[in-house]
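# Structure assessment
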Amino acid sequence: MNPYRITGPAQIGLSGGRTSGKMTHDILDAHGGKLPDDVHTFFQNTGKEREETLVFINEMDQRWNLGVVWMEWCREYGQPKDAPWYRLVDFNTASRQGEPFDMMLDYYARYRSEIKQEPPVLPNFSNNMCTAYLKIRIGEKHMRSLGYDEWDCVMGIRRDEPARYHRMMAANARGGTRWESICPPYEAGVTKEDVAEFWSRQPFDLGIDSDLGNCDLCWKKSEDKIYRAIIEDPSRVLWWSGTEEKFGQVFRQDRPKYAHMAWYAERMATQDAFDFEAAGLVSEDIDCFCGD
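The structure reproduced in this document is the subject of the present report. (Residues numbered from 1 in each chain as written. Predicted model: local features only at pLDDT ≥ 70, side-chain atom pairs only at ≥ 80, totals over all residues. Heavy atoms only, no water.)

## A look at the packing of aromatic side chains
Defined as follows: To pair, rings of Phe, Tyr and Trp, with the six-membered ring standing in for Trp, must have centres within 6.5 Å; the planes then decide the type, stacked if under 30 degrees apart, edge-to-face if over 60, and tilted in the middle. A run of H or I in DSSP counts as a helix once it spans at least four residues, and a run of E counts as a strand once it spans at least two, with each numbered from the N terminus.
Under the criterion given, the structure shown has 26 aromatic pairs. Aromatic side chains Phe-56 and Phe-204 sit 6.0 Å apart centroid to centroid with 55° between the ring planes, which places their arrangement in the tilted category. Residue Phe-56 is found in helix 2 (residues 51-64), and its partner Phe-204 is found in the loop between helix 7 (192-200) and helix 8 (223-232); the two are separated by 148 residues along the sequence. Summarising the aromatic geometry, the rings of Phe-198 and Trp-199 are spaced 4.9 Å apart at their centres and angled 80° between planes, so their arrangement reads as edge-to-face.

Encoded structure:
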């Protein structure tokens with residue numbers, strides 16, 4: 001059985017990474033070049049995706065006629081209950097300066113203050129707010145707005161990512177959601193090398209190193225990748241350090257805050273070949289819905 005033959009209703013999670021892009025192309029091929037009417041392709045924009053990611057998604061959409069639905073959080077605390085939680089955008093109108101992320105953090109800061117009498121929090125290991133609200137929650141709301149009560153969420157997880165796959169299958173087994181995750185690339189035995197070979201044959205590609213990911217300085221990135229990304233473009237750290245300052249919180253307790261990492265990165269940049277491994281900064285990323 002072809003794992004790319006998707007029986008809808010289903011939501012394809014197009015993260016903007018190369019794996020989910022190849023997966024979407026393989027699903028198209030399996031359906032004769034056109035997605036079934038009840039299989040939908042979503043991109044949930046946080047405003048912190050790199051511009052190259054947005055360009056890549058738009059290129060796939062235009063070349064392959066995907067009909068990608070671009071959406072982003074737009075909820076403000078205190079709005080009427082029937083006010084929308086998200087808005088539909090496109091490549092030209094999508095936020096680029098973290099606006100949906102800011103709105104979500106402001107919403108929950110006010111909620112925690114007024115309802116729980118608790119201080120604000122930022123996304124962290126025990127409260128993955130950015131993925132939960134900016135990605136999963138609004139995608140779920142849009143599927144429900146289309147009239148679906150249950151559906152599959154199609155994810156770009158490869159065979160060489162067994163830990164991610166089995167965690168996702170365990171989440172399926174626990175239930176509690178309107179959807180279940182399926183992972184066609186894993187079922188098809190696709191590896192990182194297969195993905196690279198596919199894109200080497202295409203007339204376009206994602207214009208960034210996959211190791212740096214889509215969200216510019218995501219707190220789930222390993223520390224060495226954060227430093228590399230800051231060295232490449234120091235302006236990227238401004239939103240992250242400013243957000244920690246604004247809320248008086250940090251994204252992670254197990255490493256320096258972003259302002260300090262910017263300071264360290266500035267000094268690393270003066271060295272011709274900074275040895276991240278010798279400095280003990282090489283580690284693995286944390287699983288994330290936002291990239292692959």
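Let's pick the thread back up.
## As for the packing of helix 9 (residues 237-247) against helix 10 (residues 258-268)
Where we set the bar: Axis definition: a line fitted to C-alpha atoms, limited for helices to the stretch in contact. Angles are taken between N-to-C directions and run from 0 to 180 degrees. Note on definitions: a residue-residue contact is assigned when non-hydrogen atoms from the two residues lie within 4.5 Å. Residues are sorted three ways: Asp, Glu, Lys and Arg are charged, Ala, Val, Leu, Ile, Met, Phe, Trp, Tyr, Cys and Pro are nonpolar, and all the rest, Gly among them, are polar.
Packing of helix 9 against helix 10 leaves a shortest axis separation of 8 Å and a crossing angle of 145°. Two secondary-structure elements touch here, helix 9 through Val-237, Trp-240, Ser-241 and Glu-244 and helix 10 through Tyr-258, Ala-259 and Ala-262. For the contact of helix 9 with helix 10, the class distribution of residues is five nonpolar, one polar and one charged.

## Examining the pattern of salt bridges
Opposite charge on two side chains lets them pair, provided their charged atoms get close. What counts is decided by this rule: A pair is scored as a salt bridge if a Lys or Arg side-chain nitrogen falls within 4 Å of a carboxyl oxygen belonging to Asp or Glu. Only protein chains enter the calculation, and the probe is 1.4 Å; a residue is then buried if its accessible area is under 20% of its type maximum, exposed if over 50%, and partly exposed in between.
Tallied over the entire structure, the rule returns 22 salt bridges. Between Asp-216 and Lys-48 there is a salt bridge, and its shortest N-O distance comes to 3.0 Å. Placement of the pair is Asp-216 in the loop between helix 7 and helix 8 and Lys-48 in the loop between strand 2 (39-44) and helix 2, with a sequence separation of 168 residues. The same class applies to Asp-216 and to Lys-48, which are both buried. Through salt bridges with shared partners, a single ionic network connects Arg-50, Glu-52, Glu-232, Asp-233 and Arg-236.

## Re the side chain of Glu-72
We count it as follows: Pairs of N or O atoms are called polar contacts if they sit within 3.5 Å, as long as, within protein, a hydrogen donor faces a hydrogen acceptor (for residues adjacent in sequence, only side-chain-to-side-chain pairs).
Residue placement: Glu-72 occurs in strand 3 (residues 69-73). Overall, the relative accessible area of 1% leaves Glu-72 in the buried class. There is a polar contact of 2.6 Å between the side chain of Glu-72 and the side chain of Arg-87. Non-local contacts of Glu-72, meaning those with residues more than four positions away in its chain, are made with Asn-45, Trp-85, Tyr-86, Arg-87, Val-89, Ala-94, Ser-95, Pro-100 and Ile-138.

## Things to note about the nonpolar core
Nonpolar side chains in soluble globular proteins generally cluster together in the buried interior. To keep it simple, the criterion reads: For our purposes a nonpolar core is just a set of buried Ala, Val, Leu, Ile, Met, Phe, Trp, Tyr and Cys residues, chained together by side-chain atoms within 4.5 Å.
One finds Trp-73, Met-104, Trp-240 and Tyr-258 to be the most contacted residues of the largest nonpolar core, which totals 48 residues. Those elements that place two or more of their residues in this core are strand 3, helix 3 (99-115), helix 4 (129-145), strand 5 (151-154), helix 5 (162-174), helix 8, helix 9 and helix 10. Those residues within four positions of Tyr-258 in sequence are excluded, and the remaining contacts are Leu-217, Cys-218, Trp-219, Ile-226, Val-237, Trp-240, Ser-241, Glu-244 and Phe-251. Counting residues in hydrophobic clusters, the runner-up holds 31 residues, among them Leu-14, Leu-35, Trp-199 and Ile-208.

## Some remarks on the environment of Asn-65
Within the fold, Asn-65 resides in the loop between helix 2 and strand 3. Counting along the chain gives 175 residues from Asn-65 to Trp-240, while the straight-line C-alpha distance between them is 35 Å.

## Some points on the sheet that holds strand 3
The condition that has to hold: Paired strands, in this sense, are two strands between which DSSP finds at least two bridges.
The mixed open sheet is built from six strands, whose spatial order is 4-3-2-1-5-6. What marks the edges here is a single partner per strand, and that holds for strand 4 (86-89) and strand 6 (179-182). Here the strands of the sheet are splayed against their neighbours by 35° on average, with no regard to which way each runs. The sheet contact formed by strand 1 (residues 10-13) and strand 5 spans three bridges and is parallel. For Ile-12, the partnering residue across the bridge sits in strand 5 and is Val-154. The strands that helix 4 touches are strand 1, strand 2, strand 3, strand 4, strand 5 and strand 6; relative to strand 2, the one it contacts most, it runs at about 145°.

Everything listed here is a matter of geometry and, on its own, says nothing about what the molecule does.
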